[in-house]
Every structure is written in structure tokens, then in C-alpha cells.
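This is what each chain is made of:
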Amino acid sequence: MTVTTAPRFRRGAFAAVCAAAVLTLAACGASDTKGSGGSNTDTGTGASTGSDSGSGKNSAKKAEPFADLSGPEIVKKSFAVVRAASSLTLKADTKEGTGTVLTDMALDKKGNCAGTMSMNGEGTATLSKVGATVYMKFDEEMLRAQGKGQPKEETDAVVKMLADRWVKTDGKAPDAKDLMEFCDLDDFLAEFENGDSVARKGPLTTVDGQQAITLYETDGTSDYTMYVATEGKPYLLKVVVKGKDAGTMAFTDYNKPVPAKVPADKDIVDLDNLTD
């Protein structure tokens with residue numbers, strides 16, 4: 001039996017961003033740079049995106065949402081409208097290796113994406129993918145974190161040259177493969193498979209002010225709590241995972257334009273030219 005559970009956050013997405021930062025350092029002279037570890041207790045943009053409190057007090061006076069549907073039927077209905085979405089914004093707080101990755105990313109079916117990623121409180125990478133070109137901007141903290149172990153003067157030079165500037169790379173380059181896949185909403189939506197669900201219906205609640213129904217499901221290694229909108233289309237609003245792939249994912253801004261933009265030429269460094 002195939003069990004339908006909430007989609008898993010694709011591992012390695014942040015690693016691809018870090019690899020780009022390392023490549024940038026190498027291209028500017030800080031070669032053989034390795035990423036750093038560490039831990040972070042900040043759960044900023046990912047975990048705090050939804051509120052689990054509230055029980056929809058007024059709902060008792062109205063017909064109960066999805067009263068005629070079972071848990072698996074609600075999951076199937078929700079996943080269908082999610083797969084049909086042309087775009088969405090993912091806000092996630094997930095584990096990758098020994099670190100915590102915070103993601104706030106808008107994606108669409110044209111392959112465009114825009115947003116930020118950070119890990120272990122060691123700086124932020126801003127990503128904007130337009131068409132087949134990827135633009136990334138690393139703040140000073142991230143560049144220094146990825147440059148640990150290298151001579152300070154080399155890292156200082158890289159920071160002076162690149163901090164808060166956009167690094168441009170061709171999406172067809174081998175090193176950009178993971179980033180291209182990360183920005184592919186169709187690839188992400190493929191996680192919403194149509195298998196057999198064992199979801200159980202839970203209480204009514206609210207998520208960021210939106211009325212929702214709680215659903216519980218497990219796949220044997222992870223426990224999932226899903227929140228599905230009860231007003232308008234039954235969009236998936238939030239997923240909380242406990243167990244093997246612990247983390248939180250929130251979904252907002254369905255079918256809204258992705259704010260991916262091409263930076264001004266004066267703010268761009270062409271990574272492909274640096275590595276020629």
C-alpha cells in the first residue's frame with residue numbers, strides 16, 4: 001500500500017546554495033573552502049508562519065466543514081488543488097544534516113523563484129531565478145561562514161568584492177543543477193502523489209487567521225499534522241512533521257506572481273566569467 005503523506009522538503013537545496021557560495025569564494029581566490037556546521041535556535045520565518053491555536057468557536061453554529069468527507073478524501077481533495085496551483089510560497093523550518101534550514105521561497109511552474117535561505121544563523125542567501133539564469137546574493141555573515149579555514153585576507157577580499165552583490169550563473173551549468181530543480185514547482189508538486197491515505201480528521205482550528213481542519217497521518221517513520229483550509233478552495237496551509245524528517249512547512253500566496261527580478265547590471269557579478 002502506498003501511503004499519501006505530506007510532501008517532504010527536498011534535502012540538499014540549501015547545500016546547493018552553499019556550494020554556490022563556496023564556488024564564488026574559490027573563483028575569487030579562496031580555494032578548497034568547506035562549509036561550516038554549528039547549531040541554531042532561531043526558528044524565525046519557518047516555524048512561526050502559522051498559529052495552531054483556536055478552535056473555530058463560531059463553527060459550531062454552522063455546518064461543520066467537510067462533514068461528509070473522510071480524512072483520506074479531504075487529503076485527496078486538497079492535494080488536487082495544490083497540484084493545480086500555478087505558484088505558491090513555501091516557508092519552511094527543516095533539518096538538513098545537523099543544521100536547521102530556514103526557507104522563504106516563492107516558486108512557479110515557469111521555473112522562476114525568489115526568496116531567502118539561511119542555516120544555523122550563519123548568514124542569509126537571497127535567490128532570484130528568472131528563466132534559465134540564477135542570481136544569488138550572499139551577505140557578509142554567510143560568506144565568512146563558508147570561508148572558515150581560509151586565510152583571513154582572502155576571505156576579507158571576497159567579502160569586500162561580493163557581499164550583498166548579485167552573483168550570476170547560467171542555469172545550464174552543472175553546479176546549478178540542484179538550484180534549477182529546487183525552483184521547479186512542478187517537481188515540488190510531484191511530491192503530492194495520489195496514493196492511499198490513512199489520514200484521520202482532527203479538530204477545527206485557525207492558521208494565520210484562516211479557518212482550517214486538522215489532519216493526522218503517519219508513514220511509520222514520521223508523524224504528520226496537516227492543516228487544510230475550510231473556506232474557499234481546500235488549500236494545504238501548513239504541515240508539521242515529527243520524527244525522521246522533523247520540521248514545519250507553511251504554504252501561502254497560491255497563484256500569486258513570483259517576485260523574481262533581474263538585478264541591475266551594476267549589482268551583478270558574473271560567476272561564469274570568474275571561473276573561466
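See the structure above.
Here's a quick rundown of the structure. The shown structure was predicted, so the numbers you read here are calculated from the model rather than taken from an experiment. (Residues numbered from 1 in each chain as written. Predicted model: local features only at pLDDT ≥ 70, side-chain atom pairs only at ≥ 80, totals over all residues. Heavy atoms only, no water.)

**What about the overall build of the protein?**
Filter applied, for reference: Strands here mean DSSP runs of E at least two residues long; helices mean DSSP runs of H or I at least four residues long; both are numbered from the N terminus. Should any heavy atoms of two residues lie within 4.5 Å, those residues are considered in contact. Per-residue and other accessible areas were derived by the Shrake-Rupley procedure at a 1.4 Å probe size, with only the shown protein chains allowed to occlude residues.
Looking only at helices and strands, the protein features eight helices and twelve strands. Contacts in the protein between residues at least 24 apart in sequence constitute 62% of all its contacts with a sequence separation of at least 6. As displayed, the protein has an accessible area near 13,000 Å², and 50% of this comes from carbon and sulfur atoms.

**Considering the sheet that holds strand 10 (residues 236-243)**
We apply this condition: Paired strands, as defined in this entry, are two strands with at least two bridges between them according to DSSP. Lines fitted to the C-alpha atoms define the axes, with helices restricted to the stretch that makes contact. Angles between their N-to-C directions range from 0 to 180 degrees.
The sheet built from twelve strands is open, its strands ordered 7-8-9-10-11-1-2-3-4-5-6-12 with mixed pairing. In the strand order of this sheet, the two ends are held by strand 7 (200-207) and strand 12 (268-270), each with one partner. The average undirected angle you get between the axes of adjacent strands in this sheet is 20°. Relative to strand 11 (residues 247-252), strand 10 runs antiparallel, the two being bridged by four bridges.

**Let's talk about the pattern of salt bridges**
Counted only if it meets this: Whenever a carboxyl oxygen of Asp or Glu lies within 4 Å of a side-chain nitrogen of Lys or Arg, that contact is scored as a salt bridge. With a 1.4 Å probe rolled over the protein chains alone, any residue whose accessible area is under 20% of its type maximum counts as buried; one over 50% counts as exposed, and the rest are partly exposed.
Applying the stated criterion to the full structure yields six salt bridges. Here D253 and K256 are joined by a salt bridge, their closest N and O atoms 3.5 Å apart. According to the relative accessible area criterion, D253 is partly exposed, its value standing at 37%. A salt bridge links D267 to K266; the shortest N-O distance between them is 3.3 Å. Judged by its relative accessible area of 29%, D267 falls in the partly exposed class. Assessed through its relative accessible area of 66%, K266 is described here as exposed. Linked through salt bridges whose partners overlap, the residues forming this network are E140, R144, K152 and D156.

**Looking at the state of the cysteines**
Put simply, the rule is: Count a disulfide wherever a pair of cysteine sulfur atoms falls within 2.5 Å.
This structure, assessed with the given rule, holds one disulfide. Between the sulfur atoms of C113 and its disulfide mate C183 the distance is 1.9 Å. Taken as a pair, C113 in strand 3 (residues 113-119) and C183 in the loop between helix 6 (177-182) and helix 7 (185-189) lie far apart in primary sequence, 70 residues in all. For the residue pair C113 and C183, the accessibility class agrees, reading buried in each case.

**Some remarks on the nonpolar core**
Note on soluble globular proteins: their nonpolar side chains tend to be buried together. Here is the rule we go by: Note on terminology: a nonpolar core comprises buried Ala, Val, Leu, Ile, Met, Phe, Trp, Tyr and Cys residues joined through side-chain atoms within 4.5 Å.
Membership of the largest hydrophobic core comes to 50 residues, with the highest contact counts inside it found for L88, L90, L127, L236, V239, F251 and Y254. Examining the composition of this core, we find that five residues originate from one element, helix 3 (residues 71-83), more than from any other. Discounting residues that sit within four places of it in the chain, L127 has contacts with M105, C113, A114, G115, V134, Y135, M136, W166, F182 and C183. Among the nonpolar cores identified, the runner-up in size contains six residues, and Y227, A229, L237 and V240 belong to it.

**Re the environment of D265**
In this fold, D265 is placed in the loop between strand 11 and strand 12. On the basis of relative accessible area, D265 is assigned to the exposed category, the value being 68%. Separated by 99 residues in the primary sequence, D265 and W166 have C-alpha atoms spaced 9.2 Å apart.

**Observations concerning helix 3**
The following threshold applies: By this rule, a helix spans an expected 1.5 Å times one less than how many residues it contains. Regarding the arc, it is the one traced by the directions from the helix axis to the C-beta atoms.
In this model helix 3 runs 18 Å from its N-terminal to its C-terminal C-alpha over 13 residues, within 8% of the 18 Å that 1.5 Å per residue would give. Listing the buried residues of helix 3 in full gives G71, I74, V75, S78, F79, V81 and V82. Taken end-on, helix 3 shows its buried residues confined to a sector of 160°, consistent with a single buried face. At its buried positions, helix 3 is contacted by helix 7, strand 7, strand 8 (210-218), strand 9 (222-229) and strand 10.

**As for the packing of aromatic side chains**
Geometrically, a pair of aromatic rings is defined through the distance of the ring centres and the angle of the planes. What counts, and what does not: A pair of aromatic rings is counted whenever rings of Phe, Tyr or Trp (Trp by its six-membered ring) have centres within 6.5 Å, and the orientation is called stacked for planes under 30 degrees apart, edge-to-face for over 60 and tilted otherwise.
For the structure shown, the criterion picks out two aromatic pairs. Aromatic side chains F188 and F251 sit 6.2 Å apart centroid to centroid with 40° between the ring planes, which places their arrangement in the tilted category. Residue F188 is located in helix 7, and its partner F251 is located in strand 11; the two are separated by 63 residues in the primary sequence. Comparing F188 with F251 shows no difference in burial state: the two are buried. With 4.0 Å between their ring centres and 10° between their planes, Y235 and Y254 make a pair best called stacked.

**With respect to the pairing of strand 1 (residues 87-96)**
Side-chain positions along a regular strand alternate between the two faces of the sheet. Of all ten residues making up strand 1, eight are buried, and the element is well covered by its neighbours. By the bridge criterion, ten bridges tie strand 1 to strand 2 (residues 99-108) in an arrangement that is antiparallel. Residue A92 lies in a different strand from strand 2, and its bridge partner there is T103. Adjacent in sequence and paired antiparallel, strand 1 and strand 2 are bridged by two residues, among which G97 carries a positive phi angle near 65°. Across six bridges, the pairing between strand 1 and strand 11 is antiparallel. Residue K91 lies in a different strand from strand 11, and its bridge partner there is A250.

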